[in-house]
Amino acid sequence: QVQLVESGGGLVQAGGSLRLSCAASGRIFRINALGWYRQAPGKQRELVAGITTGGSRNYADSVKGRFTISRDNAKNTAYLQMNSLKPEDTAVYYCAAEVVGDTTKTYWGQGTQVTVPS
């Protein structure tokens with residue numbers, strides 16, 4: 001069984017920064033693509049940033065230039081550095097990973113709340 005655990009969320013004033021972490025544990029041979037998603041109240045879950053095994057990154061237009069996704073393959077951990085936070089960034093942030101283990105499957109974390117008061 002594989003688990004993803006996010007951490008690093010919290011309340012931060014507009015213009016501030018947070019760094020989210022997503023640690024994967026369990027029977028893992030390799031992690032392919034990793035992604036950070038978010039879901040605000042009353043809205044659909046959306047992709048914020050993704051990173052491939054080779055390190056190629058993609059971002060939602062709304063976060064380009066402010067957020068940076070990275071990964072540490074040795075630690076099976078992904079990060080999301082969020083700078084210049086805005087009230088519209090308020091959401092529950094989830095990480096997702098395609099994990100190659102006993103099977104190949106996409107796993108999701110439980111989510112971490114990020115709140116930026118207006």
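Coordinates for the structure precede this section.
Residues numbered from 1 in each chain as written. Predicted model: local features only at pLDDT ≥ 70, side-chain atom pairs only at ≥ 80, totals over all residues. Heavy atoms only, no water.

Peer 1: Help me out: how do you make sense of the overall build of the chain in this one?
Peer 2: From N to C terminus, the chain includes zero helices and 11 strands. Counting helices and strands in the order they occur from the N terminus, the chain gives β-β-β-β-β-β-β-β-β-β-β. Relative to the compact-globule value of 13 Å for 118 residues, the chain shows a C-alpha radius of gyration of 14 Å, a close match. Over its C-alpha atoms, taken along the principal directions, the chain stretches across nearly 45 × 25 × 25 Å. For the chain, with 118 residues in total, the buried portion stands at 41%. For the chain, the accessible surface area stands at approximately 6200 Å², while carbon and sulfur atoms represent 47% of it. If the 13 positive side-chain charges of the chain are averaged to one point and the 8 negative ones to another, these points end up 3 Å apart. (Helix = DSSP H or I, 4+ residues; strand = E, 2+ residues; numbered from the N terminus. Rg over C-alpha atoms; globule rule 2.2 N^0.38 Å. Buried < 20%, exposed > 50% of the residue type's maximum accessible area, 1.4 Å probe, protein only. Areas by Shrake-Rupley, 256 points an atom, 1.4 Å probe, with all protein chains shown as cover. Lys, Arg positive; Asp, Glu negative; His and termini not counted. Charge placed at Lys NZ, Arg CZ, Asp CG, Glu CD.)

Peer 1: Would you take a moment to explain the pairing of strand β1 (residues 2-7) for this structure?
Peer 2: Looking along a regular strand, one sees the side chains alternate between the two faces of the sheet. Taking every second residue as pointing to the same face, the buried face of β1 carries V2, L4 and E6, while none of Q3, V5 and S7 on the other face is buried. In the sheet, β1 pairs with strand β3 (residues 18-26) via six bridges, with the strands oriented antiparallel. Across the sheet, residue V2 finds its bridge partner in β3, namely G26. (Pairing = 2+ DSSP bridges.)

Peer 1: How should the state of the cysteines be read in this particular structure?
Peer 2: Counting across every chain of the model gives one disulfide. The disulfide that involves C22 links it to C95, with 2.0 Å between the sulfurs. When the S-S torsion is 55°, as for the bridge of C22 with C95, the disulfide is right-handed. Taken as a pair, C22 in strand β3 and C95 in strand β9 (residues 91-100) lie far apart in primary sequence, 73 residues in all. (Disulfide = S-S within 2.5 Å.)

Peer 1: Looking at this structure, how should I read the side chain of R71?
Peer 2: With respect to the element layout, R71 can be found in strand β7 (residues 67-72). Buried and unpaired, R71 has D72 as its nearest opposite-charge partner, separated by 8.3 Å. Engagement of the side chain of R71 in a polar contact is seen with the backbone oxygen of N32, the distance being 2.8 Å. Here the side chain of R71 touches N73 through a polar contact of 2.7 Å, side chain to side chain. (Salt bridge = Lys/Arg side-chain N within 4 Å of Asp/Glu carboxyl O. Polar contact = N/O pair within 3.5 Å; in protein donor to acceptor, adjacent residues only side chain to side chain.)

Peer 1: Would you mind showing me how to read the environment of E6 here?
Peer 2: Mapped onto the elements of the fold, E6 is located in strand β1. Distance in space between the C-alpha atoms of E6 and Y79 is 9.2 Å, their sequence separation being 73 residues. Among the polar contacts listed, one links the side chain of E6 to the backbone nitrogen of Q110, at a separation of 2.9 Å. A distance of 2.8 Å separates the side chain of E6 from the backbone nitrogen of G111, its partner in a polar contact.

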